[in-house]
Amino acid sequence: MIKVKVNIANAQKAVKIPSGLKLLVRRCCIATLVAEGFPNAAELNVTFVDDAEIRRLNAQFRQIDQSTDVLSFPLGENGKYDENPETGAKLLGDVVISLEHAQAQAKLYGHPFQREVAYLTVHSVLHILGYDHEDNLERVEMREHEETVLRSLGLARDELE
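This text gives an overview of the structure that appears in the document. (Residues numbered from 1 in each chain as written. Predicted model: local features only at pLDDT ≥ 70, side-chain atom pairs only at ≥ 80, totals over all residues. Heavy atoms only, no water.)

On to the environment of Gly 88. As for its placement among the helices and strands, Gly 88 is situated in the loop between strand 3 (70–74) and strand 4 (90–98). Judged by its relative accessible area of 30%, Gly 88 is partly exposed. (Helix = DSSP H or I, 4+ residues; strand = E, 2+ residues; numbered from the N terminus. Buried < 20%, exposed > 50% of the residue type's maximum accessible area, 1.4 Å probe, protein only.)

The subject of this paragraph is the pattern of salt bridges. Summed over all chains, the structure comprises 6 salt bridges. Here Glu 83 makes a salt bridge to Lys 90, at a shortest N to O gap of 2.7 Å. Judged by its relative accessible area of 43%, Glu 83 is partly exposed. For the salt bridge of Arg 143 with Glu 146, the shortest nitrogen-to-oxygen distance reads 2.7 Å. In this pair, Arg 143 and Glu 146 both sit in helix 5 (residues 136–152), 3 residues apart, roughly one turn of the helix. In this structure Arg 143 comes out as partly exposed when scored by relative accessible area, which is 23%. One salt-bridge network, in which partners are shared between bridges, spans Arg 115, Arg 143, Glu 146 and Glu 147. (Salt bridge = Lys/Arg side-chain N within 4 Å of Asp/Glu carboxyl O.)

On to the packing of helix 4 (residues 113–128) against helix 5. The relative placement of two packed helices comes down to the angle between their axes together with the axis-to-axis distance. Close contact between helix 4 and helix 5 brings their axes to 10 Å; oriented N to C, the two are set at 125 degrees. If you check the angle between helix 4 and helix 5, you find them oblique. Crossing hand, helix 4 versus helix 5: right-handed. For the pair helix 4 and helix 5, the contacting residues are Arg 115, Ala 118, Tyr 119, Val 122, His 123, Leu 126 and His 127 in the first and Met 142, Arg 143, His 145, Glu 146, Glu 147, Val 149 and Leu 150 in the second. (Axes fitted to C-alpha atoms, helices over the stretch in contact; angles between N-to-C directions. Parallel < 35°, antiparallel > 145°, perpendicular 65-115°, else oblique. Left-handed = near helix turned anticlockwise from the far one by under 90°. Contact = heavy atoms within 4.5 Å.)

Turning next to the sheet that holds strand 1 (residues 4–10). In space, the 4 strands of this open sheet follow the order 1-2-4-3, with mixed pairing throughout. Edge positions in the sheet fall to strand 1 and strand 3, since each of these pairs with one other strand and no more. Between one strand axis and the next, the sheet turns by 15 degrees as a mean value, whatever way the strands run. One ladder, built from 5 bridges, connects strand 3 with strand 4; its direction is antiparallel. Residue pairing across strands places Pro 74 opposite Gly 93, the latter belonging to strand 4. Sheet contacts for helix 3 (residues 99–109): strand 2 (42–49) and strand 4; angle to strand 4, the most-contacted strand, approximately 60 degrees. (Pairing = 2+ DSSP bridges.)

Spatial relationships are all this shows, so hold off on functional conclusions.
Here it is as structure tokens:
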């Protein structure tokens, strides 16, 4: 199995982080990379923020002045990544998750908060690996990849009902 380092930071105070959430996020990152056949050791960052901070980032980097659930900041392009000179791990990028948004969406969709954060993590890592959902075909393909990873973790939609 590939070696994956996931750096997790909590930069918010709006939502209490439940026990095991950071471990779940790490498992989601690793499972996504394994499912996608990522061949190298990898490193990525995940930061938990509140709605105000994700809105600021969304406005700054995407020129969309509203909060969102997750933002992806890939460091590579076309499968080429910088490397950590000490470890040789590929530097994949940053995932930023609004825990306030995740909490509201979990309630809206009627599933556990942890499942929502897992979904957002997998979704974002797929973006970092180059997936997009600009048209219906891409959206369906990305959704299939998301569900494959979530199912491997026991978090598929149909397994929670």
